[in-house]
Amino acid sequence: MADAKVIPFGEDRPRRRPSGRRVRAAPPAPSEPPVEAVVPLLEPVAERPAGAGWERKVAGGLSFLRRRITGEYEVDEFGYDKELTDQVLMSLMRPLFDRYFRVEVKGIENIPKEGGALIVANHSGTLPLDGLMLQVAVHDHHPAQRHLRLLAADLVFMLPVVNELARKAGHTLACAEDAQRLLEAGELVGVMPEGFKGIGKPFGDRYKLQRFGRGGFVSTALRAGTPIVPCSIVGAEEIYPMVGNAKTLARLLGIPYFPITPTFPLLGPLGAVPLPTKWTIQFGEPIATDGYAAEAAEDPMLMFNLTDQVREQIQHTLYRLLVQRRSVFF
(Lines give C-alpha, C1' and ligand atoms only; values in the text may rest on other atoms or scores of the structure.)
Protein backbone atom coordinates (compact mmCIF):
# COMPACT_ATOMS: atom_id res chain seq x y z
CA MET A 1 0.00 0.00 0.00
CA ALA A 2 1.36 3.42 -0.88
CA ASP A 3 1.89 6.02 1.81
CA ALA A 4 -0.62 8.84 2.25
CA LYS A 5 0.49 12.18 0.91
CA VAL A 6 1.17 14.79 3.61
CA ILE A 7 -0.11 18.32 3.03
CA PRO A 8 -0.05 21.50 5.12
CA PHE A 9 -3.13 21.87 7.31
CA GLY A 10 -5.75 24.32 6.13
CA GLU A 11 -5.60 23.10 2.51
CA ASP A 12 -9.11 22.12 1.43
CA ARG A 13 -10.49 21.19 -1.89
CA PRO A 14 -13.75 22.94 -2.77
CA ARG A 15 -16.58 20.60 -3.60
CA ARG A 16 -18.86 21.32 -6.51
CA ARG A 17 -22.56 20.72 -6.04
CA PRO A 18 -24.66 19.35 -8.90
CA SER A 19 -27.01 21.92 -10.30
CA GLY A 20 -30.21 19.83 -10.41
CA ARG A 21 -31.96 22.37 -12.74
CA ARG A 22 -34.39 21.11 -15.36
CA VAL A 23 -33.95 22.36 -18.90
CA ARG A 24 -37.06 22.84 -21.03
CA ALA A 25 -36.64 22.52 -24.82
CA ALA A 26 -37.68 25.54 -26.94
CA PRO A 27 -39.04 25.37 -30.50
CA PRO A 28 -36.07 25.01 -32.85
CA ALA A 29 -35.16 27.93 -35.08
CA PRO A 30 -34.30 27.34 -38.75
CA SER A 31 -30.59 27.87 -38.02
CA GLU A 32 -30.45 25.39 -35.10
CA PRO A 33 -29.06 21.84 -35.43
CA PRO A 34 -31.43 18.90 -35.95
CA VAL A 35 -33.82 18.12 -33.10
CA GLU A 36 -32.40 14.57 -32.80
CA ALA A 37 -29.05 16.06 -31.74
CA VAL A 38 -30.59 18.39 -29.14
CA VAL A 39 -33.22 16.25 -27.38
CA PRO A 40 -30.80 13.93 -25.53
CA LEU A 41 -29.12 16.96 -23.94
CA LEU A 42 -32.46 18.35 -22.76
CA GLU A 43 -33.82 15.17 -21.20
CA PRO A 44 -35.96 16.09 -18.14
CA VAL A 45 -34.72 14.90 -14.75
CA ALA A 46 -37.98 13.02 -14.13
CA GLU A 47 -37.38 10.82 -17.20
CA ARG A 48 -33.89 9.77 -16.15
CA PRO A 49 -33.41 6.28 -14.70
CA ALA A 50 -34.63 6.05 -11.10
CA GLY A 51 -31.43 4.39 -9.95
CA ALA A 52 -29.10 7.15 -11.17
CA GLY A 53 -28.71 8.57 -7.64
CA TRP A 54 -27.80 5.19 -6.18
CA GLU A 55 -25.37 4.57 -9.00
CA ARG A 56 -23.55 7.81 -8.20
CA LYS A 57 -23.40 6.89 -4.51
CA VAL A 58 -22.06 3.42 -5.28
CA ALA A 59 -19.50 4.87 -7.69
CA GLY A 60 -18.45 7.43 -5.10
CA GLY A 61 -18.14 4.72 -2.45
CA LEU A 62 -16.04 2.52 -4.69
CA SER A 63 -13.81 5.47 -5.57
CA PHE A 64 -13.39 6.23 -1.87
CA LEU A 65 -12.41 2.60 -1.13
CA ARG A 66 -9.93 2.60 -3.99
CA ARG A 67 -8.19 5.68 -2.61
CA ARG A 68 -8.10 4.11 0.84
CA ILE A 69 -6.56 0.89 -0.46
CA THR A 70 -4.00 2.54 -2.70
CA GLY A 71 -3.10 5.28 -0.21
CA GLU A 72 -4.08 8.07 -2.61
CA TYR A 73 -5.48 10.34 0.07
CA GLU A 74 -4.12 13.33 1.96
CA VAL A 75 -3.39 13.94 5.63
CA ASP A 76 -1.75 16.87 7.36
CA GLU A 77 1.22 16.67 9.69
CA PHE A 78 -1.06 15.97 12.66
CA GLY A 79 -2.63 12.98 10.90
CA TYR A 80 -5.91 14.76 10.07
CA ASP A 81 -7.75 13.00 7.24
CA LYS A 82 -10.40 15.42 5.93
CA GLU A 83 -11.95 13.01 3.43
CA LEU A 84 -12.37 10.22 6.00
CA THR A 85 -13.79 12.67 8.54
CA ASP A 86 -16.33 14.16 6.12
CA GLN A 87 -17.50 10.95 4.47
CA VAL A 88 -17.29 8.42 7.32
CA LEU A 89 -16.76 9.79 10.82
CA MET A 90 -19.24 12.66 10.51
CA SER A 91 -21.80 10.31 8.98
CA LEU A 92 -21.46 7.98 11.97
CA MET A 93 -21.87 10.79 14.53
CA ARG A 94 -24.65 12.67 12.75
CA PRO A 95 -27.53 10.30 13.75
CA LEU A 96 -26.59 10.75 17.42
CA PHE A 97 -26.53 14.52 16.93
CA ASP A 98 -29.73 14.90 14.90
CA ARG A 99 -32.01 12.11 16.13
CA TYR A 100 -30.80 10.79 19.48
CA PHE A 101 -29.69 13.92 21.34
CA ARG A 102 -31.62 16.31 19.01
CA VAL A 103 -29.00 19.00 19.51
CA GLU A 104 -30.10 22.62 19.17
CA VAL A 105 -27.30 24.99 18.15
CA LYS A 106 -27.35 28.69 19.03
CA GLY A 107 -24.95 31.54 18.34
CA ILE A 108 -23.08 29.80 15.52
CA GLU A 109 -22.58 33.24 13.93
CA ASN A 110 -20.11 34.03 16.74
CA ILE A 111 -17.59 31.66 15.18
CA PRO A 112 -15.56 33.54 12.53
CA LYS A 113 -16.03 32.53 8.91
CA GLU A 114 -12.30 32.18 8.42
CA GLY A 115 -9.09 32.38 10.39
CA GLY A 116 -8.11 30.89 13.72
CA ALA A 117 -10.28 30.94 16.84
CA LEU A 118 -10.20 29.10 20.18
CA ILE A 119 -13.52 27.60 21.29
CA VAL A 120 -13.62 27.00 25.05
CA ALA A 121 -16.43 24.76 26.35
CA ASN A 122 -17.57 23.08 29.56
CA HIS A 123 -16.92 19.34 29.85
CA SER A 124 -19.28 16.71 31.27
CA GLY A 125 -21.05 13.42 30.71
CA THR A 126 -18.70 10.68 32.09
CA LEU A 127 -17.70 9.81 28.51
CA PRO A 128 -16.52 12.61 26.17
CA LEU A 129 -19.47 12.56 23.79
CA ASP A 130 -19.84 16.32 24.24
CA GLY A 131 -16.61 16.91 22.33
CA LEU A 132 -17.83 14.83 19.39
CA MET A 133 -21.21 16.57 19.30
CA LEU A 134 -19.43 19.93 19.43
CA GLN A 135 -17.42 18.93 16.38
CA VAL A 136 -20.59 18.03 14.45
CA ALA A 137 -22.30 21.27 15.53
CA VAL A 138 -19.51 23.43 14.14
CA HIS A 139 -19.23 21.49 10.87
CA ASP A 140 -22.92 21.07 10.07
CA HIS A 141 -24.28 24.42 11.28
CA HIS A 142 -21.55 26.88 10.39
CA PRO A 143 -22.09 28.49 6.95
CA ALA A 144 -18.51 27.66 5.97
CA GLN A 145 -18.76 24.08 7.33
CA ARG A 146 -15.60 24.59 9.34
CA HIS A 147 -13.77 21.77 11.09
CA LEU A 148 -13.05 21.84 14.81
CA ARG A 149 -9.68 20.51 15.95
CA LEU A 150 -10.10 19.35 19.55
CA LEU A 151 -7.28 19.21 22.08
CA ALA A 152 -7.49 15.85 23.86
CA ALA A 153 -5.92 14.36 27.00
CA ASP A 154 -2.96 11.99 26.92
CA LEU A 155 -5.24 9.03 27.70
CA VAL A 156 -7.02 9.38 24.36
CA PHE A 157 -3.76 8.81 22.47
CA MET A 158 -2.80 5.83 24.63
CA LEU A 159 -5.89 3.79 23.74
CA PRO A 160 -5.71 1.47 20.71
CA VAL A 161 -8.09 2.29 17.84
CA VAL A 162 -9.27 5.43 19.67
CA ASN A 163 -5.83 6.94 19.16
CA GLU A 164 -5.93 6.41 15.40
CA LEU A 165 -9.52 7.65 15.03
CA ALA A 166 -8.79 10.77 17.06
CA ARG A 167 -5.84 11.63 14.83
CA LYS A 168 -7.85 11.00 11.68
CA ALA A 169 -10.64 13.27 12.97
CA GLY A 170 -8.17 16.13 13.40
CA HIS A 171 -7.66 16.05 17.16
CA THR A 172 -4.27 16.43 18.80
CA LEU A 173 -2.57 16.39 22.17
CA ALA A 174 -3.59 19.14 24.58
CA CYS A 175 -0.32 21.06 24.58
CA ALA A 176 0.33 24.75 23.98
CA GLU A 177 2.73 24.16 21.07
CA ASP A 178 0.27 22.15 18.96
CA ALA A 179 -2.61 24.50 19.78
CA GLN A 180 -0.62 27.59 18.77
CA ARG A 181 0.50 26.06 15.49
CA LEU A 182 -3.08 25.19 14.58
CA LEU A 183 -4.39 28.63 15.53
CA GLU A 184 -1.68 30.41 13.56
CA ALA A 185 -2.56 28.22 10.57
CA GLY A 186 -6.14 29.56 10.69
CA GLU A 187 -7.77 26.50 12.24
CA LEU A 188 -10.63 26.34 14.76
CA VAL A 189 -9.30 24.76 17.96
CA GLY A 190 -11.53 23.40 20.71
CA VAL A 191 -10.50 23.01 24.34
CA MET A 192 -12.35 21.88 27.48
CA PRO A 193 -10.21 23.22 30.35
CA GLU A 194 -12.03 21.28 33.10
CA GLY A 195 -10.54 18.04 31.78
CA PHE A 196 -11.23 14.91 33.83
CA LYS A 197 -12.42 17.06 36.75
CA GLY A 198 -15.38 18.11 34.64
CA ILE A 199 -16.21 14.94 32.78
CA GLY A 200 -15.86 12.75 35.89
CA LYS A 201 -17.64 14.89 38.47
CA PRO A 202 -20.57 13.39 40.43
CA PHE A 203 -24.14 13.96 39.29
CA GLY A 204 -24.81 16.21 42.29
CA ASP A 205 -22.30 18.74 40.91
CA ARG A 206 -23.79 18.88 37.44
CA TYR A 207 -23.50 22.20 35.59
CA LYS A 208 -21.09 23.55 38.21
CA LEU A 209 -17.89 24.41 36.39
CA GLN A 210 -14.71 23.00 37.85
CA ARG A 211 -11.35 24.76 37.95
CA PHE A 212 -10.05 25.93 34.56
CA GLY A 213 -6.41 25.22 35.28
CA ARG A 214 -3.82 27.99 35.07
CA GLY A 215 -5.21 29.71 31.99
CA GLY A 216 -2.89 28.10 29.48
CA PHE A 217 -5.54 28.34 26.76
CA VAL A 218 -5.70 32.12 27.23
CA SER A 219 -1.93 32.40 26.85
CA THR A 220 -2.08 30.36 23.64
CA ALA A 221 -4.82 32.55 22.16
CA LEU A 222 -2.90 35.72 23.06
CA ARG A 223 0.28 34.49 21.38
CA ALA A 224 -1.65 33.57 18.23
CA GLY A 225 -3.76 36.75 18.33
CA THR A 226 -6.98 34.78 17.83
CA PRO A 227 -10.39 35.35 19.49
CA ILE A 228 -11.73 33.15 22.29
CA VAL A 229 -15.30 31.89 21.79
CA PRO A 230 -16.98 30.65 25.02
CA CYS A 231 -19.31 27.68 24.52
CA SER A 232 -21.94 26.26 26.87
CA ILE A 233 -23.31 22.71 26.49
CA VAL A 234 -26.51 21.64 28.25
CA GLY A 235 -27.78 18.05 28.14
CA ALA A 236 -24.54 16.07 28.39
CA GLU A 237 -24.55 15.97 32.21
CA GLU A 238 -27.53 13.60 32.29
CA ILE A 239 -26.53 10.98 29.70
CA TYR A 240 -24.65 8.95 32.34
CA PRO A 241 -25.73 10.12 35.82
CA MET A 242 -22.59 9.36 37.84
CA VAL A 243 -23.67 8.45 41.38
CA GLY A 244 -20.40 6.82 42.47
CA ASN A 245 -16.75 6.28 41.65
CA ALA A 246 -14.90 3.00 42.24
CA LYS A 247 -11.53 4.66 42.91
CA THR A 248 -9.66 1.45 43.76
CA LEU A 249 -10.76 -0.20 40.53
CA ALA A 250 -9.87 2.97 38.61
CA ARG A 251 -6.33 2.89 40.01
CA LEU A 252 -5.94 -0.77 39.06
CA LEU A 253 -7.08 -0.02 35.50
CA GLY A 254 -4.95 3.12 35.25
CA ILE A 255 -7.89 5.43 34.46
CA PRO A 256 -8.93 8.69 36.18
CA TYR A 257 -12.21 7.29 37.51
CA PHE A 258 -14.50 4.25 37.22
CA PRO A 259 -18.09 5.54 37.01
CA ILE A 260 -21.03 3.94 38.75
CA THR A 261 -24.40 4.97 37.29
CA PRO A 262 -27.96 3.69 37.84
CA THR A 263 -27.46 1.34 34.87
CA PHE A 264 -23.69 0.66 34.85
CA PRO A 265 -22.17 -1.78 35.72
CA LEU A 266 -25.46 -3.29 36.92
CA LEU A 267 -26.79 -3.88 33.40
CA GLY A 268 -23.42 -4.67 31.85
CA PRO A 269 -22.87 -3.45 28.27
CA LEU A 270 -26.50 -2.30 28.10
CA GLY A 271 -25.73 0.14 30.89
CA ALA A 272 -23.22 1.88 28.62
CA VAL A 273 -26.02 3.17 26.35
CA PRO A 274 -26.41 6.92 27.03
CA LEU A 275 -29.79 8.33 28.01
CA PRO A 276 -31.51 10.22 25.13
CA THR A 277 -31.38 13.68 26.66
CA LYS A 278 -32.15 16.89 24.77
CA TRP A 279 -29.03 19.00 24.16
CA THR A 280 -28.39 22.68 23.55
CA ILE A 281 -25.03 24.06 22.42
CA GLN A 282 -24.64 27.84 22.54
CA PHE A 283 -21.63 29.80 21.31
CA GLY A 284 -21.12 33.12 23.08
CA GLU A 285 -19.73 36.39 21.83
CA PRO A 286 -16.01 36.16 21.02
CA ILE A 287 -13.43 37.76 23.27
CA ALA A 288 -10.80 39.54 21.16
CA THR A 289 -7.11 39.06 21.99
CA ASP A 290 -5.40 40.81 19.06
CA GLY A 291 -5.38 44.17 20.86
CA TYR A 292 -2.88 43.08 23.51
CA ALA A 293 0.88 43.53 23.32
CA ALA A 294 3.15 40.60 22.54
CA GLU A 295 4.35 40.31 26.14
CA ALA A 296 0.77 40.13 27.47
CA ALA A 297 0.90 36.32 27.35
CA GLU A 298 3.45 36.46 30.21
CA ASP A 299 1.28 38.60 32.50
CA PRO A 300 -0.22 36.29 35.18
CA MET A 301 -2.82 38.82 36.31
CA LEU A 302 -4.11 39.25 32.76
CA MET A 303 -4.21 35.45 32.38
CA PHE A 304 -6.28 35.18 35.55
CA ASN A 305 -8.71 37.94 34.54
CA LEU A 306 -9.33 36.61 31.03
CA THR A 307 -9.68 33.02 32.28
CA ASP A 308 -12.20 34.16 34.88
CA GLN A 309 -14.08 36.18 32.24
CA VAL A 310 -14.41 33.12 29.96
CA ARG A 311 -15.41 30.86 32.85
CA GLU A 312 -18.06 33.28 34.14
CA GLN A 313 -19.56 33.73 30.69
CA ILE A 314 -19.88 29.97 30.22
CA GLN A 315 -21.35 29.49 33.72
CA HIS A 316 -23.96 32.26 33.36
CA THR A 317 -25.02 30.90 29.97
CA LEU A 318 -25.41 27.42 31.47
CA TYR A 319 -27.72 28.77 34.17
CA ARG A 320 -29.75 30.71 31.61
CA LEU A 321 -30.16 27.67 29.36
CA LEU A 322 -31.18 25.51 32.33
CA VAL A 323 -33.90 28.00 33.28
CA GLN A 324 -35.19 27.99 29.70
CA ARG A 325 -35.15 24.18 29.42
CA ARG A 326 -38.57 22.56 29.65
CA SER A 327 -37.36 19.03 30.33
CA VAL A 328 -34.21 16.92 30.41
CA PHE A 329 -35.56 14.74 27.60
CA PHE A 330 -37.77 17.11 25.56
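Just above, that's the structure.
Everything in this summary refers to the structure shown in the same document. In this text the structure is predicted, and so the values were computed from the model without any measurement.

Reading the values: the criteria
Residues numbered from 1 in each chain as written. Predicted model: local features only at pLDDT ≥ 70, side-chain atom pairs only at ≥ 80, totals over all residues. Heavy atoms only, no water. Buried < 20%, exposed > 50% of the residue type's maximum accessible area, 1.4 Å probe, protein only. Helix = DSSP H or I, 4+ residues; strand = E, 2+ residues; numbered from the N terminus. Arc of directions from axis to C-beta. Contact = heavy atoms within 4.5 Å. Patch = residues over 30% accessible without salt bridge, like charges linked within 9 Å, V, L, I, M, F, W, Y side chains within 5 Å. Areas by Shrake-Rupley, 256 points an atom, 1.4 Å probe, with all protein chains shown as cover. Salt bridge = Lys/Arg side-chain N within 4 Å of Asp/Glu carboxyl O. Phe/Tyr/Trp six-rings, centres within 6.5 Å; stacked < 30°, edge-to-face > 60°. Lys NZ or Arg CZ within 6 Å of the ring centre and 35° of its normal. Expected span 1.5 Å × (residues − 1). Polar contact = N/O pair within 3.5 Å; in protein donor to acceptor, adjacent residues only side chain to side chain. Core = buried A, V, L, I, M, F, W, Y, C linked by side-chain atoms within 4.5 Å.

## Some thoughts on helix α6 (residues 176-184)
In an α-helix, one turn spans 3.6 residues, which is why side chains three or four residues apart end up on the same side.
Here is step 1 of the chain: Restricting attention to buried positions, one finds in α6 the residues D178, A179, L182 and L183. The buried residues of α6 all sit within an arc of 130 degrees when viewed along its axis, so they share a single face.
Here is step 2 of the chain: Buried positions along α6 lie against β4 (117-121), β5 (148-152), β6 (172-173), β7 (188-191) and α8 (216-224).
Here is step 3 of the chain: Just downstream of α6, G186 is the residue with a positive phi angle, here 85 degrees.

## Focus: a nonpolar patch on the surface
Here is step 1 of the chain: Where nonpolar side chains cluster on the molecular surface, the patch consists of V58, L62, L65 and I69 and spans about 400 Å² of accessible area.
Here is step 2 of the chain: Taking the relative accessible area as the measure of exposure, V58 reaches 47% and is therefore partly exposed.

## So, the packing of aromatic side chains
Here is step 1 of the chain: This structure, assessed with the given rule, holds 4 aromatic pairs.
Here is step 2 of the chain: An angle of 75 degrees between the planes, with centres 6.1 Å apart, marks the rings of F212 and F217 as edge-to-face.
Here is step 3 of the chain: Judged by its relative accessible area of 8%, F217 is buried.
Here is step 4 of the chain: One aromatic cluster is present, formed by Y100, F101 and W279 through successive ring pairs.
Here is step 5 of the chain: Across from the ring centre of F157, 4.5 Å away, lies the NZ or CZ of R167, which sits over that ring.

## Considerations on helix α10 (residues 300-324)
Here is step 1 of the chain: Here α10 spans 36 Å end to end across 25 residues, near enough to the 36 Å set by a 1.5 Å rise per residue.
Here is step 2 of the chain: If you check which residues of α10 are buried, you get L302, M303, L306, T307, V310, I314, Q315, T317, L318 and L321.
Here is step 3 of the chain: Along its buried surface, α10 packs onto β3 (104-106), β4, α8, β8 (228-234) and β11 (280-283).

## Some thoughts on the side chain of D81
Here is step 1 of the chain: Along the chain, D81 turns up in the loop between β2 (74-75) and α3 (82-100).
Here is step 2 of the chain: When near neighbours in sequence (up to four residues on either side) are disregarded, D81 contacts R68, Y73, E74, V75, R167 and K168.

## Quick word on the side chain of D86
Here is step 1 of the chain: Mapped onto the elements, D86 comes out in helix α3.
Here is step 2 of the chain: Here the side chain of D86 touches H139 through a polar contact of 3.4 Å, side chain to side chain.
Here is step 3 of the chain: The contact partners of D86, leaving out residues within four places of it in the chain, are S91, H139 and H147.

## Quick word on the nonpolar core
What tends to happen in soluble globular proteins is that the nonpolar side chains get buried as a cluster.
Here is step 1 of the chain: With 30 residues, the main nonpolar core has I119, L134, C231, I233, W279, I281 and F283 as its most contacted residues.
Here is step 2 of the chain: Looking at this core, the elements with two or more residues in it are α3, β4, α4 (129-141), β5, β8 and β11.
Here is step 3 of the chain: No other element matches the 6 residues that α4 contributes to this core.
Here is step 4 of the chain: Once residues within four sequence positions are removed from consideration, W279 is found in contact with F101, R102, V103, E104, L129, D130, M133, I233, V234, G235, A236 and I239.
Here is step 5 of the chain: Counting residues in hydrophobic clusters, the runner-up holds 28 residues, among them A179, Y207, M303 and L321.

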